[in-house]
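Structural characterization, general
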Amino acid sequence: MQTIGYTAGTFDMFHIGHLNFLENAKGRCDYLIVGVNTDELVAEYKNRAVIVTLSERMRIILALKCVDKVIEVNSLDKKPYLEKLGFNRLFIGSDWAENERWLSTKAEMADFGVETIFLPYTENTSSTLLRKKLLDALPL
């Protein structure tokens with residue numbers, strides 16, 4: 001049976017942590033589908049705007065050798081994407097391993113036979129840190 005992996009994220013200001021995560025995910029499945037969150041969804045749950053547009057973020061992700069398919073995502077709910085894509089592995093960063101929403105998602109996905117795998121988080125890099133560094137570098 002082919003292992004179909006799925007993950008979704010904002011992937012704003014693409015950095016080495018994103019690449020590490022996606023390469024790690026691809027190493028654990030035969031076919032990797034990556035959802036890229038819409039600008040509206042990001043604004044809703046992060047309460048801030050993205051820097052890089054959705055179309056550009058999708059194009060960046062699709063250009064990666066480790067990614068087989070890219071889709072637009074407008075909901076944090078994984079079930080509609082499971083029904084549409086038929087994945088059997090769901091990947092998320094280990095920094096979310098104790099998060100209540102993700103523990104609930106893991107249990108829900110298990111009911112459908114989907115294994116949720118928490119992949120190692122790349123320390124000392126994130127879009128949030130990049131944003132802060134850029135703001136700190138601006139003259140007052």
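Everything that follows concerns the structure shown earlier in this document.
Note that the structure is a prediction, hence the values are computed from the model and not measured.

Calculation rules
Residues numbered from 1 in each chain as written. Predicted model: local features only at pLDDT ≥ 70, side-chain atom pairs only at ≥ 80, totals over all residues. Heavy atoms only, no water. Salt bridge = Lys/Arg side-chain N within 4 Å of Asp/Glu carboxyl O. Helix = DSSP H or I, 4+ residues; strand = E, 2+ residues; numbered from the N terminus. Buried < 20%, exposed > 50% of the residue type's maximum accessible area, 1.4 Å probe, protein only. Core = buried A, V, L, I, M, F, W, Y, C linked by side-chain atoms within 4.5 Å. Contact = heavy atoms within 4.5 Å. Right-handed = clockwise from strand over helix to strand, strands pointing away. Pairing = 2+ DSSP bridges. Axes fitted to C-alpha atoms, helices over the stretch in contact; angles between N-to-C directions. Phe/Tyr/Trp six-rings, centres within 6.5 Å; stacked < 30°, edge-to-face > 60°.

1. Here's the deal with the pattern of salt bridges
All chains considered together, the criterion is met by three salt bridges. Where aspartate 68 meets lysine 26, a salt bridge forms, and the shortest distance between an N and an O atom there is 2.5 Å. In this pair, aspartate 68 is assigned in the loop between α3 (54-62) and β3 (69-73) and lysine 26 in helix α1 (residues 16-26), connecting sequence segments 42 residues apart. With a relative accessible area of 31%, aspartate 68 lands in the partly exposed category.

2. Structural notes on the nonpolar core
In this structure, Leu22, Leu32, Val34, Val36, Ile61, Val67 and Phe91 are the most contacted members of the largest nonpolar core, which totals 18 residues. Among the elements of the structure, α1, β2 (31-37), α3 and β5 (115-119) are those that each provide at least two residues to this core. Ignoring anything within four residues of it in the chain, the contact list for phenylalanine 91 reads Gly5, Tyr6, Thr7, Phe21, Ala25, Arg28, Cys29, Leu32, Ile117 and Leu119. In this structure, Ile33, Ile71, Phe87 and Leu90 belong to the second largest nonpolar core, which totals 15 residues.

3. Here's the deal with unusual backbone geometry
The phi angle of most residues is negative, glycine excepted, and most peptide bonds adopt the trans form. A positive phi angle is found at phenylalanine 11, which is not glycine, with a value near 55 degrees. Mapped onto the fold, phenylalanine 11 is located in the loop between β1 (4-9) and α1. Positive phi, normally seen in glycine, also occurs at asparagine 47, with a value near 55 degrees. Mapped onto the secondary structure, asparagine 47 falls in the loop between α2 (39-46) and α3. A residue is classified by how much of its surface remains accessible, and asparagine 47, at 68% relative accessible area, is exposed.

4. Some thoughts on the pairing of β2
For β2, a buried count of six out of seven residues is recorded, marking the element as mostly surrounded by other parts of the structure. Taken together, β1, α1 and β2 constitute a β-α-β crossover, and its handedness is right-handed. Pairing of β2 with β3, which is carried by five bridges, proceeds in the parallel orientation. From the neighbouring strand, valine 36 faces β3, where its bridge partner is glutamate 72.

5. Some remarks on the sheet that holds β5
Pairing is parallel in the open sheet, where five strands are placed in the order β3-β2-β1-β4-β5. Of all the strands in the sheet, just β3 and β5 have a single pairing partner and so form its edges. Between one strand axis and the next, the sheet turns through 25 degrees on average, direction left out of account. When β1 meets β2, the two strands line up parallel, connected through six bridges. Counted as the bridge partner of tyrosine 6 is isoleucine 33 from β2. On the sheet, α3 packs against β2 and β3 and is oriented at approximately 165 degrees with respect to β2.

6. Some remarks on the packing of aromatic side chains
If you walk through the whole model with that rule in mind, you get two aromatic pairs. Their ring planes at 15 degrees and their centres at 6.2 Å tell us that tyrosine 6 and tyrosine 81 sit as a pair that is stacked. Here the residue tyrosine 6 occupies a position in strand β1, and tyrosine 81 occupies one in helix α4 (residues 79-85), the gap between them amounting to 75 residues. Exposure class is identical for tyrosine 6 and tyrosine 81. Each is buried. With a centroid separation of 4.8 Å and 15 degrees between ring planes, the pair formed by tyrosine 6 and phenylalanine 87 is classed as stacked. Taken together, the residues tyrosine 6 in strand β1 and phenylalanine 87 in the loop between α4 and β4 (89-93) connect sequence positions 81 residues apart.

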